[in-house]
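# Topology and contacts: notes
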Amino acid sequence: MIEFILPLFGRFHPILVHLPIGILTFGIVLVFISRNDQTKYKDSIRLAFLLGGIFAVLSSISGFLQYQHEGFTWETVQFHFILGCATAIASFGLFYEMNRTSSSPKNLKLKSGGLFALMLFTGHLGGNITHGEEYLIEVLPPELQNLIGYEIEAEKGLVLPEQGWEELVYYDEVVQPILNQNCKSCHNPKNLKGELDLTSFDKLLEGGEDGSILTAGNPEESALYSRLVLPKEDEDHMPPKEKKQPEKEAIELIRAWIDLGATKSSKLGESSISPETLEPFFHRVEKSFYPEVAVEAASDESLSRLKSESFFAEKVSENSNWLMISCVNFQNFSNQDWSKLTEVKNQIVYLDFTGTQITDAILDSLNMLENLTVLKLNQTGISGKNLQVLNSNKNLKHLYLNKTRVDLPSIQVLNEHPILEKVFAFDTPLANNETKEKFNFILEIGKYQLPALPTDTIVY
Amino acid sequence: MKKVEKLINELTQQKLERQTRRHFLMDCVSKMGGLALAPLMLGCDSGSSSKASAGLNLSQRDLNPLAPLPPPFTGKAKSIIYLHMAGAPSQLELFDFKPELAKYHNQPCPESLLEGRKFAFIRGVPNLLGPQANFAQHGESGAWVSDFLPHFSKVVDEVAFLKAVHTDQFNHGPAQLFMQTGSPRLGRPSLGSWVTYGLGTENQNLPGFVVLTSGGKTPDAGKSVWGSGFLPSVYQGVQCRSKGDPVLYLQDPDGMSRDMKKNLISAINTVNKSEFDQYGDPEILARINQYEMAYRMQIEVPEVMNINDEPDYIHELYGTKPGSESFANNCLLARKLVEKGVRFVQLYDWGWDTHGTDHDGSIDMGLRNKCREIDRPMSALLLDLKQRGLLEDTLVVWGGEFGRTPMQENREGKTQSFLGRDHHGDAFTMWMAGGGIKKGASYGLTDDFGFSGIGEQVSVHDIHATILHLMGFDHEQFTYEFQGRPFRLTDVEGELIRKILA
C-alpha cells in the first residue's frame, strides 16, 4: 500500500468521529420519543445503531492510525481509544438486540442512555486531547473556576535575582524556565509536536523528528536557537507567529548558552551575558511611592459629590483606592470647605491646595489624613508658624510651600519628620536668605539663574 | 368634527386589521437580518461602544470628553511637555561626539556606507563632514554636549539621553507624523490625543492638549501632527498663538459684555436641556458642557497665556520677550500651562533643516543661531520646573523627526558653498527628563562616524511605549476600536526602554 494512505486516513479522524455521534444521537432520540408499545421507529433505530456502529469502528481505526503517526503517547490516548472501541461494540450490541426480537428489547431506554453517556465521555476525552484539558474551564468566570476546584496554573516566566545571578546553573535556572514558558505547551510528553520534548535536558538532547536541535558552541547550527530568529513569516519560525513570542533577551540567553557549550552544569556567570540582557528578568520589588496599606475604596457617590463641588478627585490608578485631590478648579476653597473632604480622609494621598484661600488653621485638620503623601500648599496664606503639626502625617514625603511666607525657623521643625523627602520652598522668605543649614530632607529653594555668556549675543 | 375623528379611527382600525400574523412574522425575519448586520458595520460606529471596551467610564465621558480618568497603572508623570525641533537638528553638532569623523573630514565617504542607500538629496559619493562644534563632557554624568548649547550643558544631569534612536522615514512630513502619531501616513491620533483620550485633563477650564509653534512656520506635516485621527476630534491639540489672542474667537465681540454672554449661554442651555429631556440624546448634554467650558475658558485661557506678569528674573532666566512669537516664550508658556494642570503641551520649533543650501541652513552658522534660540529657554524650562517641584511629575521630551548624515550634502552632485548635512534616520539623539526618568542616564551607541546605531538602539515605537508607560499605560493594552480592529499608538511594536527609567 502507498505509504501516505494510512497517516492520511488517520487525519480524517477529527471528521469521522462526528458521524457516529450524530447518527447514534439520532437513534437514541428516537428511542426516547417512541412509546414502549410503539414500533413505528423501530427500523430507523436499528439502522441508526448499525450505521453508528460502523462509523464508530472507522473512527476507532482512524484514531489508532493517528495515534501511531502523530506523536501522541499511549498514556494520553488510552482511555479515549478504549472507550471509542466500547462505543462501537455497544452500538453493534444494541443493533443485534433490536434484530433478535420483534418487539422492543427490555430496558432499551436505559441501555441507549448508557450508550449516549459512553459516547459523550469518549468525545470529551477526544476534545481534551486536541484542545487541552482546560479548554472548557478556561472560558468560565474565575469565581466559577475556583468553585469547581480548578486553579489557573500559569507557567511563570523567568525571574532572576539581581545579586548573585552569576552563580545560577545556566540550564536549570535560566534555559529551562524560558523553554517552559515559551515552548513547553507544544513540546511535552503529552503533546509531542515534531516529536520534540523540551521539558528536560536529556529530552532536549534527543532532539525531534529532524534529529538533534543542538550543536554545542554553534547557535546558528542549532535549531533550538536558529528557528527562534528566523523571520516571523517563515514557516519554520518558532514559536509559531500567532503564539506569544519570547523576549529578545530570552533568545539572547539561549544563544549564549549554546555558545558556551550547551552543558548542563555551566553557570550563567561563565557566559558572555551582560547584566543589561538580564534586566527584564530581575525581580524588583518596586517600592510603592504611596503607603502600602489597604484602605477601602471611596464610594462612587462621594467621588461624584466631590467632582460636582469642582474638586479634581481621581484615583491614583484604576485599581488603586488612593485618591488625588486638587483644587485647581476650586480656587475659592477656604478653611470652611474642609468638611467636604473629610468623607474621603482615609483615601487621600495627594492633596493640592495651590492658589486657594486656606490659612494656617487648616493644617490642624490635616493630621486626620493618615496616608497623605504629597501636600501642595503653594501660593497660599500659609505662614509656616505651625508647620510642626505636619510631623504627625507620618506618610508625608513631598511638601510644596512655593510662594508662601515660610521662613527658616518655621521649616526647621520639619527635621523631626520621620520620612519627609523633599520640601519645595521656591520664592519664599526662606529662599531669599542664604542658608547653609542641613536638613534631613532635600530642600529645594530654586532661584536658578543661567548667567549670561558672551556667546548669547553673537549672531553668526 | 366627530365625524372626522370617527373616520380616522376607522382607518387605523382597518390598517391594524390588515396587519396579519404573516406580516408580523415576515417583519421579524427581515429585521433579524438587520440585527445580524449591525455588528458587521461597527466601523461606522462613532466610537461610543469602543470606549466601553477600553474600560472607560461611558456616562461620565459622554457628558464631558475631557473629564479626568485614572490611569490603568500608577503613572510617574501627570503631564508632558514635548519639544519637537521640526526639520531635524544635527546630532553630530549637538550630542553625538565623533572624533573619528573629524579625522576623515573632507575625504570621500566609504562606499560601504552608501551601498543600497537612498538619501533625500545626496547623490553619488559625498565627502565626509567632521563635527563643526567643539565637544566637552559636562556634569557629574559626564554627558557630551557641544559648545553650541553652553547653557544646556549645565543641566545635563537632569536628563537621560537616547543616542541611537532610529526611524524609517527620511522626509520631514512622514517622519514628523511617525514621531507624533506612530505612523508615517495620515489618519492616526497623535501622542497628545492618545494621552488626553486616556486620562482627560486636570484643569477643566483649559484645553487638555495645547500646541505652541515658533520659528515662523508650522511643521511640514501640517496640523495632522496634533490631530486626533480616528479618536473623537475633541482630543485633538488646540493650537494657541503666542501673539495676539491665544485662541482665536474666544474673546467676546465688541459690545458683548460677559454678563450678556452668560445670559446667552444659559438661555441656549435651557433650550438644550429641554431638548435633552425630550430625546435623551447624550450628545446634547455634551454640547451643553462644551458651551459652559468655552465660557470658563474665556477667563482662564487669556490669564494663563499672559506672560507679562511673570517676574523679571523669570524673563531673564528664559530670555523671553513678551509680545513676540519665540521658542523662549513658548517654553515659559509650557511651564505655566503644566502648572495649571494641562495634560499635554506640544512645542514645535521650525528651522532645523540644515542642508547647507544657504547661510541659515548651514551647519556651522545657521545651526549655531538656531541653537542659541533654544539653548537658554529649554535649559531654563528644566530649571524652572525643577525649582517648582513640577519636574517630579512632568515629563519633558526633546527631539527632532530624524537625524543628519555624517556626510557633507552634495545636492545635484555639486559642491555647496555652505556646510550642510542631509536627512538621516539611522541614528540620532533625543533626550527626556522629569517624571520617572533616570537622571544623567545615557543609552545608545553609534559607530565611529555616527552613521548607524551599534547598540542599545531604540525605535520611535519604543519611545512611545516608554512615554505611555510613564503616564501609567501599558502600551499593548491601551487600544481604540476602529474599522473592526483595536488600534494602538505603537501598533504591533514598541518595547519599554527600561534603562532610562528611574
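Residues numbered from 1 in each chain as written. Chains lettered and ligands numbered in written order. Predicted model: local features only at pLDDT ≥ 70, side-chain atom pairs only at ≥ 80, totals over all residues.

Right, let's get into the overall build of chain A. Each helix and strand counted, chain A has 17 helices and seven strands in total. The principal-axis extent of the C-alpha atoms belonging to chain A is close to 110 × 65 × 50 Å. Considering only residue pairs separated by 6 or more positions, chain A has 59% of its internal contacts joining residues 24 or more positions apart. (Helix = DSSP H or I, 4+ residues; strand = E, 2+ residues; numbered from the N terminus. Contact = placed C-beta atoms within 7 Å.)

Let us look at the overall build of chain B. Helices and strands together make up the secondary structure of chain B, namely 15 helices and 17 strands. Structurally, chain B occupies a C-alpha span of about 105 × 55 × 45 Å along its principal axes. The contacts in chain B between residues at least 6 apart in sequence include a share of 76% that link residues at least 24 apart.

Bringing the sheet that holds strand β7 (residues 442-444) of chain A into the picture now. Residues and elements named next belong to chain A. Ordered by their spatial adjacency, seven strands build an open sheet running β1-β2-β3-β4-β5-β6-β7, and the pairing between neighbours is mixed. Where the open sheet ends on each side, the last strands, each with one partner, are β1 (312-315) and β7. Averaged over all adjacent pairs, the angle separating strand axes in this sheet is 10 degrees, with direction ignored. Across four bridges, β1 lies against strand β2 (residues 323-326) in antiparallel orientation. Considered in β2, the bridge of F312 is made with S326. (Pairing = 2+ DSSP bridges. Axes fitted to C-alpha atoms, helices over the stretch in contact; angles between N-to-C directions.)

What follows covers the packing of helix α3 (residues 18-33) of chain A against helix α4 (residues 42-69) of chain A. All names here are of chain A. Viewed as axis vectors pointing N to C, α3 and α4 meet at an angle of 155 degrees, and their least axial separation amounts to 8 Å. With respect to their mutual orientation, α3 and α4 come out roughly antiparallel. Between α3 and α4 lies a crossing whose hand is left-handed. Contacts between α3 and α4 involve L19, P20, I23, L24, F26, G27, L30 and V31 from the first element and S44, I45, A48, F49, L51, G52, F55, A56 and S59 from the second. Residue classes in the contact of α3 with α4 are distributed as 13 nonpolar, four polar and no charged. (Parallel < 35°, antiparallel > 145°, perpendicular 65-115°, else oblique. Left-handed = near helix turned anticlockwise from the far one by under 90°. Nonpolar A, V, L, I, M, F, W, Y, C, P; charged D, E, K, R; others polar.)

Right, let's get into the domain arrangement of chain B. Segmenting chain B into domains produces domain 1 (2-40) and domain 2 (78-246 + 305-500). In this structure, domain 1 of chain B and domain 2 of chain B have C-alpha centres spaced 64 Å apart. (Domains from an automatic or database assignment.)

What follows deals with the pairing of strand β2 (residues 135-138) of chain B. All names here are of chain B. As paired strands, β2 and strand β3 (residues 143-146) are joined by four bridges and run antiparallel to one another. In the strand pairing of β3, H138 is matched with A143. Between β2 and the antiparallel strand that follows it, β3, lie four residues; G139 among them carries a positive phi value of about 65 degrees.

Okay, the interface of chain B and chain A next. Contact residues are listed per partner, giving 29 residues for chain B and 27 residues for chain A. Ranked by residue count, the leading element in the side of chain B that touches chain A is helix α14 (residues 366-387) of chain B, at eight residues.

Our next topic: helix α15 (residues 460-470) of chain B. Burial analysis of α15 of chain B places eleven of its eleven residues in the buried class, which makes it a mostly covered element. Just downstream of α15 of chain B, G472 of chain B is the residue with a positive phi angle, here 100 degrees. (Buried ≥ 20, exposed ≤ 12 C-beta atoms within 10 Å, placed from the backbone.)

This part is about the nonpolar core. Grouped burial of nonpolar side chains is what soluble globular proteins tend to show. Ranked by size, the top nonpolar core spans 117 residues in total, and within it A334 and M432 of chain B carry the most contacts. Counting residues per element, this core draws most heavily on α14 of chain B, at nine residues. Contact partners of A334 of chain B, with chain neighbours within four places excluded, come to I81, L212, V345, L347 and L381 of chain B. Core analysis: the next-biggest nonpolar cluster, separate from the first, contains 45 residues, I325, L341, V344 and F353 of chain A among them. (Core = buried A, V, L, I, M, F, W, Y, C linked by C-beta atoms within 7 Å.)

This part covers the confidence of the model for chain B. On average, residues of chain B score 88 in pLDDT, and 94% of them are at 70 or above. Predicted confidence for residues 43-58 of chain B stays below pLDDT 50, and this span has 16 contacts to residues more than four positions away or in other chains. (pLDDT = per-residue confidence, 0-100.)

Turning our attention to the packing of α4 of chain A against helix α5 (residues 74-100) of chain A. Residues and elements named next belong to chain A. It is the contact of α4 with α5, at a shortest axis distance of 8 Å, that shows an interaxial angle of 155 degrees. By the criterion of interaxial angle, the relationship of α4 to α5 is roughly antiparallel. Two packed elements cross with a definite hand, and for α4 against α5 that hand is left-handed. Taken together, the residues that form the contact of α4 with α5 break down as 15 nonpolar, nine polar and two charged.

Time to look at the domain arrangement of chain A. The domains assigned to chain A are domain 1 (5-147), domain 2 (165-281) and domain 3 (300-444). Domain 1 of chain A and domain 3 of chain A are separated by 72 Å when their C-alpha centres are compared.

All names here are of chain B. Of all eight residues in strand β1 (residues 79-86), eight are buried, a share of seventy percent or more. Burial along β1 is two-sided: S79, I81, L83 and M85 facing one way and I80, Y82, H84 and A86 facing the other are all buried. Pairing geometry for β1 and strand β7 (residues 344-350), over seven bridges, is parallel. Within β7, the residue paired with H84 across the bridge is Y348.

Take helix α9 (residues 170-182) of chain A next. All names here are of chain A. Taking 1.5 Å as the rise per residue, α9 with 13 residues should run 18 Å; its terminal C-alpha atoms sit 17 Å apart, in good agreement. Most pronounced at Q176, the bend in α9 amounts to some 30 degrees, and the proline P177 follows within four residues. When α9 is considered as a whole, its buried residues turn out to be Y170, V174, V175, P177, I178, L179 and N182. Buried-residue contacts for α9 involve α12 (248-260). (Expected span 1.5 Å × (residues − 1). Bend = angle between axes of the 7 residues up to and from the residue.)

The next thing to look at is the environment of W431 of chain B. Residues and elements named next belong to chain B. Checked against the element boundaries, W431 lands in strand β11 (residues 428-434). Using a count of 25 C-beta atoms within 10 Å as the deciding quantity, one classes W431 as buried. Along the sequence, W431 and L83 sit 348 residues apart, while their C-alpha atoms lie 9.9 Å from each other. Excluding its chain neighbours within four sequence positions, the residues that come into contact with W431 are V159, A160, F161, L162 and W398.

Each neighbour pair has its own omega, and for M238 of chain A with P239 of chain A the value is -10 degrees, a cis peptide bond. Here P239 of chain A shows up in the loop between α11 (223-226) and α12. Phi at E456 of chain B is positive, roughly 55 degrees, even though this residue is not glycine. Examined against the element boundaries, E456 of chain B turns out to sit in the loop between β14 (453-455) and β15 (458-459).

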